[in-house]
Amino acid sequence: MGVEVGAQAARSRALAVLRIRSRALAVALLPAAVAVVLLVGGSTGHITGGPWPVTCWVVTVLAGLVLLAAAGIALVVARARPAVSPTVPIAEESAPDLYRMVRDLADRLDVPPPSAIALTPDCDSWLEDRTHPAHGPPPTEARDEIAGVRGSSAHVRRASAAPVLVIGSPFLWWMRVGELRAVLAPVVAGTGPSAHPDIAAARRFVRGLDAAVAVTSAPAHGPVVRTVLTGVGWVTRLLLRSCRGHAAEMERGVAAAAAERAQAVDYGLRIVAQEQVGLAYAGWDRLLNRVALPAWRMGRWPSRLDAGVVAALTELSRRDRLAEGFTSRLGERPACDLLEEPGTVDEAASLLAARLFHGGPAETGPDWAPVDWQEYPDEVVDRTWRADAARLHRVLDALGVRHSPDPTVPDRGGPTLARVLDHLTAPPTETEAGADTATGAGTRAASGAAPEPDPVPFVAKRCGAYERMGADEDDGALGLGSERTAALAAGLSAELARDEASVPVFVPSGGAEQPGPDLAFWEDGMLPLFPLQPPRTGRELLADHVTAMVCCAAMDTAGAAPGLDWLDGPSLLVGGERAADLGPRVLTLVEDGDPAPLRDWLRRLGVRPEKPVRLV
């Protein structure tokens, strides 16, 4: 009963959308109909004399202009390419068991099966219509790993209008087969209402309007074309606003009908599987932000992100007692076994994730190479720390900071941790400085030595180098320990911006090829589509760089090693154990200018700050 109610509501809303389309067509044809009446009346002698001949010609010209404008708008709407989600297409020969499971599920739900299956690097699943002519098969010669997986480039698009089933790739690795089937049941059930002609026509109309609005908003047009597209955009936006409410209610009706139809399929298991959806989302988000992002910044992309989700969630279940019961599921058959070559699919999904969330190129190269989890500590963690430490010392050199705070000691050079600690240590307060000055003056007077001139204030001496960095001094109010700390943070921000600007922009090869459905967004300079984190503040940059310098000193002088924590990302291993108490001590130095907690930590581990470290 609920299925019929939801489907009926969706069909009524679809008819409302189609009525708006019919009214727009009627408005476009109305001047032409009036012109025909006037022409026929004039030719038959029923409308003669007076202003009617002039009125007839005016209305005829107006009708022609309106028909021309309507034809242009219809052409833009018809030729506009609807947006599609970037995915990894899965050919049936690459996953016969997965296709068989989806078809069996469609048979149990008594709905048409999806026309194809694709994966997305996200914790979500949906149906996507790709029947538009522009969404035809990709080129025969795939340009990169994302264009297809094992023969998917030669996959012939089905003539059926059934939508494509898009599955979140983390689900395949974390969920069991029964859980995946239960989660996909309400999604697959949506193919039933989608097959109704009225609903399909209404969706095509709305998607066409949305795509036409995107075309009219594109800046890459000349002044004449831009003027014409402005009028087209106004009309399409008006139509889109008119049918927005009906389209939303139509989709709600489709979702309600699909959910009601899926109630009879694995309902009890679906309740348990929904818990796994939330857990998978938490692990995926943590893995991308803490583990994958540092690698992407270093020009490396982890090639087994989906397998990393399983490791991250297993580690979470080990630490959190609330998640202990989830590890018992690992003995069951994982859903990734439904793929013939899960490693190849995981690699393609991992590269797609790097493109969507970071904006990396689609082809591997010297500056963009895959990395296995076993190589992550050496290829990513160690190189990241040493590169950050090198950048920190470059900024210190630009600021003219000596390696020794004592001007009487010759400057031996070499990147040392002691140089950073001495520079970030907060200068003494005015009372302490006055007492020290008085003591020093008395000592010099007693010894008969001439008083030394007051040194130039630190900020005044560093101002020239600081301004050359091209950064502002706003970070001084972000809880930094002193003005010199703020200057160093601003210098790091400017240096990092220059390093990022010097990275060459990737230009895909084979510019004559037409992009496939999964390359729609990538040719427009829109990457990354979903940035993971906002730009780091100066304080965060400084804390990260000081932490990197401390880790380099610990590795070079105390026998520590780089490591990977599945939940927290790069970590320092001391005696095989993760050093989890380093971060607060670094923040105390950066924010308060107090090096005592960090020096105690270094002394306890046997780290020698005065020894030079190896940099990139």
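Each remark here, short or long, concerns the structure printed above.
Residues numbered from 1 in each chain as written. Predicted model: local features only at pLDDT ≥ 70, side-chain atom pairs only at ≥ 80, totals over all residues. Heavy atoms only, no water.

**Student:** Can you walk me through the pairing of strand β4 (residues 164–168) in this structure?
**Tutor:** Within a regular strand, the side chains alternate between the two sheet faces. Buried residues dominate β4, accounting for five of its five residues. Residues of β4 alternate between two faces, with V164, V166 and G168 on one and L165 and I167 on the opposite face, all of them buried. As judged from the five bridges shared by strand β2 (residues 116–120) and β4, these two strands associate in the parallel manner. For I117, the partnering residue across the bridge sits in β4 and is L165. Pairing analysis gives three bridges linking strand β3 (residues 126–128) to β4, with the strands arranged antiparallel. (Buried < 20%, exposed > 50% of the residue type's maximum accessible area, 1.4 Å probe, protein only. Helix = DSSP H or I, 4+ residues; strand = E, 2+ residues; numbered from the N terminus. Pairing = 2+ DSSP bridges.)

**Student:** How do you make sense of the environment of A182 when you look at a structure like this?
**Tutor:** Position of A182 among the secondary structure elements: in helix α5 (residues 177–188). Expressed as a C-alpha distance, the spacing of A182 and V272, which sit 90 residues apart in the sequence, is 9.2 Å. Residues contacting A182, with those up to four places away along its chain left out, are D266, L269, R270 and A273. (Contact = heavy atoms within 4.5 Å.)

**Student:** When you look at the nonpolar core in this model, what are you seeing that I'm missing?
**Tutor:** Looking at soluble globular proteins, one finds that nonpolar side chains tend to be buried together. The biggest cluster of nonpolar side chains holds 112 residues, and the ones touching the most others in it are L180, V188, W296, L305, L542, V546 and L572. In terms of residues, this core owes the most to one element, helix α9 (residues 267–297), which gives twelve residues. Counting 25 residues, the second-largest nonpolar core is a separate cluster that includes A202, V206, A212 and V254. (Core = buried A, V, L, I, M, F, W, Y, C linked by side-chain atoms within 4.5 Å.)

**Student:** Got a minute to help me understand the sheet that holds β3 in this structure?
**Tutor:** Whenever strands of a sheet pair, they do so through backbone hydrogen bonds, lying parallel or antiparallel. Here we have four strands laid out as an open sheet, ordered β1-β2-β4-β3, and mixed in their pairing. Edge positions in the sheet fall to β1 (88–90) and β3, since each has one partner strand and no second. Adjacent strand axes in the sheet meet at a mean angle of 35 degrees, parallel and antiparallel pairs treated alike. Helix α3 (residues 96–109) rests against β1, β2 and β4 of the sheet, and its axis sits at about 115 degrees to β2. Sheet strands touched by helix α11 (residues 342–358): β1 and β2. Its angle to β1, the strand with the most contacts, is close to 155 degrees. (Axes fitted to C-alpha atoms, helices over the stretch in contact; angles between N-to-C directions.)

**Student:** Hey, could you run me through the packing of helix α12 (residues 376–398) against helix α16 (residues 483–501) in this one?
**Tutor:** The angle between the axes and the distance between the axes are what describe a pair of packed helices. Where α12 contacts α16, the two axes come as close as 9 Å, and the packing angle between them is 120 degrees. Here α12 runs over α16; the crossing is right-handed. In this structure, α12 uses R391, L392, R394, V395 and L396 to contact α16, whose residues at the interface are L488, G491, L492, E495, L496 and D499. Taken together, the residues of the contact of α12 with α16 sort by class into six nonpolar, one polar and four charged. (Left-handed = near helix turned anticlockwise from the far one by under 90°. Nonpolar A, V, L, I, M, F, W, Y, C, P; charged D, E, K, R; others polar.)

**Student:** Looking at this structure, how should I read the sheet that holds strand β7 (residues 561–565)?
**Tutor:** On the basis of which strands lie adjacent, the open sheet formed by three strands has the order β7-β8-β9 and antiparallel pairing. Of all strands in the sheet, those bounded by a partner on one side alone are β7 and β9 (577–578). Inspection of the sheet shows strand β8 (residues 569–574) paired to β9 by two bridges, in the antiparallel sense. Its bridge partner being in β9, L573 is matched across the sheet by R578.

**Student:** Could you clarify how one ought to interpret the pattern of salt bridges in this entry?
**Tutor:** Pairs can form between side chains of opposite charge once their charged atoms are near each other. Inspection of every chain in the model, using the stated rule, returns 28 salt bridges. We note a salt bridge from R103 to E92, for which the minimum N-O separation is 2.8 Å. Highlighted residues: R103 in helix α3 and E92 in the loop between β1 and α3, separated in sequence by eleven residues. For E92, a relative accessible area of 29% corresponds to the partly exposed category. The shortest N-O distance in the salt bridge between R599 and D422 comes to 3.2 Å. Taken together, the positions of R599 in helix α19 (residues 596–605) and D422 in helix α13 (residues 417–424) put the pair 177 residues apart, joining distant regions of the chain. Overall, the relative accessible area of 27% leaves D422 in the partly exposed class. Each of the salt bridges in this network shares a partner with another, and the network as a whole consists of D388, R391, R394, E495, R498 and D499. (Salt bridge = Lys/Arg side-chain N within 4 Å of Asp/Glu carboxyl O.)

**Student:** What is the right way to look at the side chain of R203 in this model?
**Tutor:** Within the element layout of this structure, R203 appears in helix α7 (residues 197–217). Owing to a relative accessible area of 18%, R203 belongs among the buried residues under this scheme. Dropping the residues within four chain positions of it, R203 is found in contact with S194, M250, E251 and V254.

**Student:** Even after reading the chapter, I still don't get helix α17 (residues 538–557), so can you show me in this structure?
**Tutor:** Along an α-helix, residues three or four positions apart point the same way, because every turn accommodates 3.6 residues. Its 20 residues give α17 an end-to-end C-alpha distance of 28 Å, which sits within 8% of 28 Å, the value for a rise of 1.5 Å per residue. By the criterion of burial, α17 is predominantly enclosed, with 14 of the 20 residues buried. One or two steps after α17, the chain reaches G559, where phi turns positive at roughly 75 degrees. (Expected span 1.5 Å × (residues − 1).)

**Student:** I would appreciate a short explanation of the pairing of β8 in the present structure.
**Tutor:** Across five bridges, the pairing between β7 and β8 is antiparallel. Paired with A561 across the two strands is L573, which belongs to β8. Between β7 and β8, which follow one another and run antiparallel, lie three residues. Between β8 and β9, which pair antiparallel one after the other, the connecting turn spans two residues, and G575 there sits at a positive phi close to 65 degrees.

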